[in-house]
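# Per-entry structural report
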Number of protein chains: 2
Amino acid sequence: MTRDEALALDARDPLAPLREQFELPGKLVYLDGNSLGVLPRATAQRVQQVIAREWGQGLIGSWNSADWMTLPQRVGDKIATLVGAGPGELVAADSTSVNLFKVLAAALAMQREDAPGRSVIVSERSNFPTDLYIAQSLARQHGCTLRLVDAPEQIPAALDADTAVLMLTQVNYRTGWLHDMAGLSAAAHAAGALALWDLAHSAGALPVALNADGADFAVGCGYKYLNGGPGAPAFAWVRPGLVDRFRQPLSGWLGHAAPFAFTPGYEPAAGITRYLCGTPPVLALAALECGVDTLLAARPLGGMAAIRAKSLALTECFAGWVRQRCAGFGLELASPADGARRGSQVCLAFDEASEAGRAGAAYAVVQALIARGVVGDFRAGDPAAARSADRADILRFGVTPLYTRFVDVWDAVDDLRTVLAGAEWREPRFNQRGLVT
Amino acid sequence: MTRDEALALDARDPLAPLREQFELPGKLVYLDGNSLGVLPRATAQRVQQVIAREWGQGLIGSWNSADWMTLPQRVGDKIATLVGAGPGELVAADSTSVNLFKVLAAALAMQREDAPGRSVIVSERSNFPTDLYIAQSLARQHGCTLRLVDAPEQIPAALDADTAVLMLTQVNYRTGWLHDMAGLSAAAHAAGALALWDLAHSAGALPVALNADGADFAVGCGYKYLNGGPGAPAFAWVRPGLVDRFRQPLSGWLGHAAPFAFTPGYEPAAGITRYLCGTPPVLALAALECGVDTLLAARPLGGMAAIRAKSLALTECFAGWVRQRCAGFGLELASPADGARRGSQVCLAFDEASEAGRAGAAYAVVQALIARGVVGDFRAGDPAAARSADRADILRFGVTPLYTRFVDVWDAVDDLRTVLAGAEWREPRFNQRGLVT
């Protein structure tokens, strides 16, 4: 395989034109769209329009005339088409953490009524920490406990007569493991539990089928694969048959049945609108809408199925080229080898016995790559984890088919090989651990 | 009094140059800055810079290099100077409703530990509904009740040995009544209760002294007098001596002591940072910072004291000119006549016996004024309220001394007189009630 062959793959890629939707800095190879998606070309102008015309000129009247008030539902309806949900089922609002609080609280309240004995939330120890932190808070409040499994294979056995909710992030942020939403939702239901899914690393990255796969509650992130901008609003979805059964506790005025009646008593709106709380963040929702539109633009080219096919091809190439071209440096694949179980990322870790592994070099290698214009992520290992894969430091590379090219992956592996073979990663400047997200 | 005399007041106004900070549409007289502040000139360019340079070019690296991660604290420190709080005491984040949930939950948790018998939240029936809705949710969860008084004068007597928290909005959104924060906080403390203040209509409108006046918890809004843009992030403050005593329930990763350690167990950060939850909304915080800066620009001209002096002069003129020039139409002042008890707004209501009162014309008059370029607000009366003042429909006019001129108030009253004397408010097109915020 040569760089020209990678270029040939790009020339044959039906999604290649979609890259033109984005502002991409110079020669950067950006493999961190699973942390922060890149800037769509449409965003700057749209936000400018909202600021100058809708806010600056329209002022308070724009809540009606520019449809600001319905932005959470309008953007939500667009996101719904990406995750197997129907219109009116999903709202864009608040942060992922806040939305998780809403839906997990509702799930626990529902179980307290239907099955008071159930007091366990099952999740993964390596779930994204904010999910575990929110679950800990609600577990304390509801007198529940959090049961964390060490490995995905242990999840079915962890579901029992005590389980109230199975709470998982569909794609694990560290390893890229893609859970079987249909199978695990069915297993949760068979055990009498509810299935709650965080789509942070799957919405916009691969086809998600919330209704068809039996999810009960879902949340997701706006600033990763949805390209909504730093700290973009998140989203919440509840299965239509469940949504009207419970109030969520963040009962702010925008979730009220008649917010502008200004009545002193709370009456929840029908449907997913009751999962809104405060005033919609208009500028941020306008930017998020531009990001979501970059994914909707893929529809005539095959939509999420085509995005998934390219994502798998990119991660296969990445893993294969690392195997071929970076042999001998102790790098191992830490993401699933089976494409069916892999999200849109490739994770690598050093064999503890290798030179770089002994030196704890993963962080320095990622920094040296960034200095060369290849942006990936470092994720520290969890020293207390049961599995060696979870204890290991991770080099994480996300692929985002709307703008990642095969030649980007080729160049990234080429730079990785250069960094590993050279002395860069031993330089002290690459070993000063800073803040990474 | 003549229009020229109003112009002369503007010519003598030391704050007059501050109006240049804003983009104001044409001839509009905008008296709704207490609902949505106007657009600062700096905002469009600053947000553009964040989008194009920090996000577009800097991408994920901007979390460090552009200090995105500390925006909640940095903007919070600026807001703190406007509300009598110290550096490191206040964060800008989430919505007012979400922040109220955090601080009220913490207050109730604290009382449950210190004084388990206290199970009453005291507030006003005419408090802004979202505050009451959030309180209802937490009251249900904590087994508490909400005790709502009908009139501000009844608050001290409502505080007793059962009271856990006194929760008030410092300036009532409907009537503009300005509570005595020092006196009522002291009364709450004397009764063994905690004092929680919503500054939605006071932060940026008048001097607030959270520490000096004995407040325990506070929240506030970013898009009214702080000019942060539609749905701007809100803020939360906790008295430094209390802040480390309790976790707030929205325990997301940004409130963790070490969010980037990615440890599975939640450990709250020290200080007000534990009141953060999800990832900071960067675009919205950048816009909010520009809005807050328009108030900080008043500092060399006398700061919040000078803003307050002008606000009182504007509202005195408004009320006086209405008395002089709109006599005979049954309009009555619904905001406090005593300046010491009045926020930065003038509220009017029709005597029920007047022609407009009998016709329920308040909404139509506000709409007719908007059609003439004078933007105020209508707030419907609460038919079930005990006091006639609360049952009445309200015409609400906010003054915002950074950009409201005396001649604007003159022109507004002139148009009000024209509308009342004419037939406009009887036209059906002004009586179709739409969505107002």
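Small disclaimer: the values here were computed from a predicted structure and weren't measured.

### Observations concerning the overall build of chain A
Across its full length, chain A holds 15 helices and 15 strands. On C-alpha atoms alone, chain A measures out to a radius of gyration of 22 Å, which is about the 22 Å that the 2.2 N^0.38 rule sets for 437 residues. Principal-axis analysis of the C-alpha atoms places the extent of chain A at approximately 70 × 55 × 40 Å. Taken across its 437 residues, chain A has 58% of its residues classed as buried.

### Describing the relation of the copies chain A and chain B
In the superposition of chain A on chain B (RMSD 0.0 Å, axial shift 0.0 Å), the rotation amounts to 180°. Here the transformation between the copies is reduced to the relation of a two-fold axis. When the interface residues of chain A are mapped onto chain B, 100% of them again lie at the interface, so the same face is used by both copies.

### Observations concerning the sheet that holds strand S15 (residues 394-398) of chain A
Residues and elements named next belong to chain A. With respect to topology, four strands assemble into an open sheet ordered S11-S12-S15-S14, the strand pairing being antiparallel. Unpaired on one side and paired on the other, strand S11 (331-333) and strand S14 (377-379) mark the two borders of the sheet. Direction aside, the axes of adjacent strands within the sheet are offset by 35° on average. Of the pairings in the sheet, the one linking S11 to strand S12 (residues 345-350) comprises three bridges and is antiparallel in character. Within S12, the position partnered with Leu333 by the bridge is Leu348.

### Considering the pairing of strand S12 (residues 345-350) of chain B
Residues and elements named next belong to chain B. With six of six residues buried, S12 lies mostly within the body of the structure. In the sheet, S12 pairs with strand S15 (residues 394-398) via four bridges, with the strands oriented antiparallel. The residue bridging Cys347 from the neighbouring strand is Arg396, located in S15.

### Let's talk about the sheet that holds strand S10 (residues 234-238) of chain B
All names here are of chain B. Pairing within the open sheet is mixed, and its seven strands lie in the order S4-S10-S9-S8-S7-S5-S6. The open sheet is flanked by strand S4 (90-93) and strand S6 (145-149), the only strands paired with a single partner. Strand-to-strand twist in this sheet, taken as the mean axis angle between neighbours without regard to direction, amounts to 20°. Sitting on the sheet, helix H5 (residues 96-114) touches S4, strand S7 (163-169), strand S8 (194-198), strand S9 (217-220) and S10, and the angle it makes with S8 is about 180°.

### Focus on the interface of chain A and chain B
With 69 residues of chain A in contact, the opposing surface of chain B contributes 69 residues. When residues of the side of chain A that touches chain B are traced back to their parent elements, those giving at least two are helix H2 (41-57), helix H3 (62-65), helix H5 (96-114), helix H6 (129-142) and helix H10 (282-296) of chain A. Considering every element that reaches the side of chain A that touches chain B, the biggest residue donor is H2(A), with nine residues.

### Examining the packing of helix H2 (residues 41-57) of chain B against helix H10 (residues 282-296) of chain B
Residue and element names in this part refer to chain B. Axis separation between H2 and H10 bottoms out at 9 Å; the angle between their running directions is 150°. Between H2 and H10, the angle is such that the two are roughly antiparallel. Crossing handedness for the pair H2 and H10: right-handed. Facing H2, whose interface residues are Ala42, Thr43, Arg46, Val47, Val50 and Ile51, H10 presents Val282, Leu283, Ala286, Ala287, Cys290 and Asp293. Looking at the contact of H2 with H10 residue by residue, the class counts come to nine nonpolar, one polar and two charged.

### Some words on the nonpolar core
Among the nonpolar cores identified, the biggest contains 315 residues, and Leu104(A), Val365(A), Leu104(B) and Val365(B) are the most heavily contacted of them. Excluding residues that lie within four positions of it along the chain, Val365(A) makes contacts with Ala356(A), Leu395(A), Val419(A), Leu420(A) and Trp425(A).

### Describing helix H13 (residues 362-371) of chain A
All names here are of chain A. Within H13, eight of the 10 residues are buried, which leaves it mostly tucked inside the rest of the structure. Every buried residue belonging to H13 is among Ala362, Tyr363, Ala364, Val365, Val366, Gln367, Ala368 and Leu369, and all of these are buried. Next to the buried residues of H13 lie S12, helix H12 (355-359), strand S13 (374-375), S14, S15 and helix H15 (406-421). Following H13 by one or two positions, Gly373 adopts a phi angle in the positive range, close to 95°.

### As for the confidence of the model for chain A
In the predicted model, chain A carries a mean pLDDT of 96, and the fraction of residues at 70 or more is 99%. Taken over the whole predicted complex, pTM reads 0.97, whereas the ipTM for its chain interfaces reads 0.97.

### Brief notes about unusual backbone geometry
Not every positive phi belongs to a glycine, and Phe262(A) is a case in point at roughly 50°. Structurally, Phe262(A) is set in the loop between helix H9 (240-243) and H10. For Asp94(B), which is not glycine, the phi torsion reads 55° and is therefore positive. Looking at where Asp94(B) falls in the secondary structure, it is placed in the loop between S4 and H5. Accessibility expressed as a C-beta count within 10 Å gives 33 for Asp94(B), which makes it buried.

### Details of the environment of Gly204(B)
Residues and elements named next belong to chain B. In this structure, Gly204 sits in the loop between S8 and S9. Classification of Gly204 by C-beta neighbours within 10 Å gives buried; the count is 32. Residues Gly204 and Asp293 lie 89 residues apart in sequence; the distance between their C-alpha atoms is 11 Å.

### A look at the packing of helix H11 (residues 303-325) of chain B against helix H15 (residues 406-421) of chain B
Residues and elements named next belong to chain B. Put simply, H11 and H15 touch, their axes get as near as 10 Å, and they point 25° apart. The orientation of H11 relative to H15 falls into the category roughly parallel. Note on packing geometry: the crossing formed by H11 with H15 is right-handed. Along the contact surface, H11 presents Leu314, Cys317, Phe318, Trp321, Val322 and Arg325, while H15 presents Phe406, Val409, Trp410, Val413, Leu416 and Arg417.

### What to know about the domain arrangement of chain A
Residue and element names in this part refer to chain A. According to the domain assignment, chain A consists of domain 1 (3-30 + 303-430) and domain 2 (45-296). If you look at the interface, domain 1 gives 24 residues, while domain 2 gives 19 residues. Broken down by element, the residue count for the side of domain 1 that touches domain 2 peaks at four residues, all from helix H11 (residues 303-325). Grouping the amino acids of the side of domain 1 that touches domain 2 by side-chain chemistry returns 10 nonpolar, seven polar and seven charged.

What counts and how
Residues numbered from 1 in each chain as written. Chains lettered and ligands numbered in written order. Predicted model: local features only at pLDDT ≥ 70, side-chain atom pairs only at ≥ 80, totals over all residues. Helix = DSSP H or I, 4+ residues; strand = E, 2+ residues; numbered from the N terminus. Rg over C-alpha atoms; globule rule 2.2 N^0.38 Å. Buried ≥ 20, exposed ≤ 12 C-beta atoms within 10 Å, placed from the backbone. Least-squares fit on C-alpha atoms with pLDDT ≥ 70 in both. Contact = placed C-beta atoms within 7 Å. Pairing = 2+ DSSP bridges. Axes fitted to C-alpha atoms, helices over the stretch in contact; angles between N-to-C directions. Parallel < 35°, antiparallel > 145°, perpendicular 65-115°, else oblique. Left-handed = near helix turned anticlockwise from the far one by under 90°. Nonpolar A, V, L, I, M, F, W, Y, C, P; charged D, E, K, R; others polar. Core = buried A, V, L, I, M, F, W, Y, C linked by C-beta atoms within 7 Å. pLDDT = per-residue confidence, 0-100. Domains from an automatic or database assignment.

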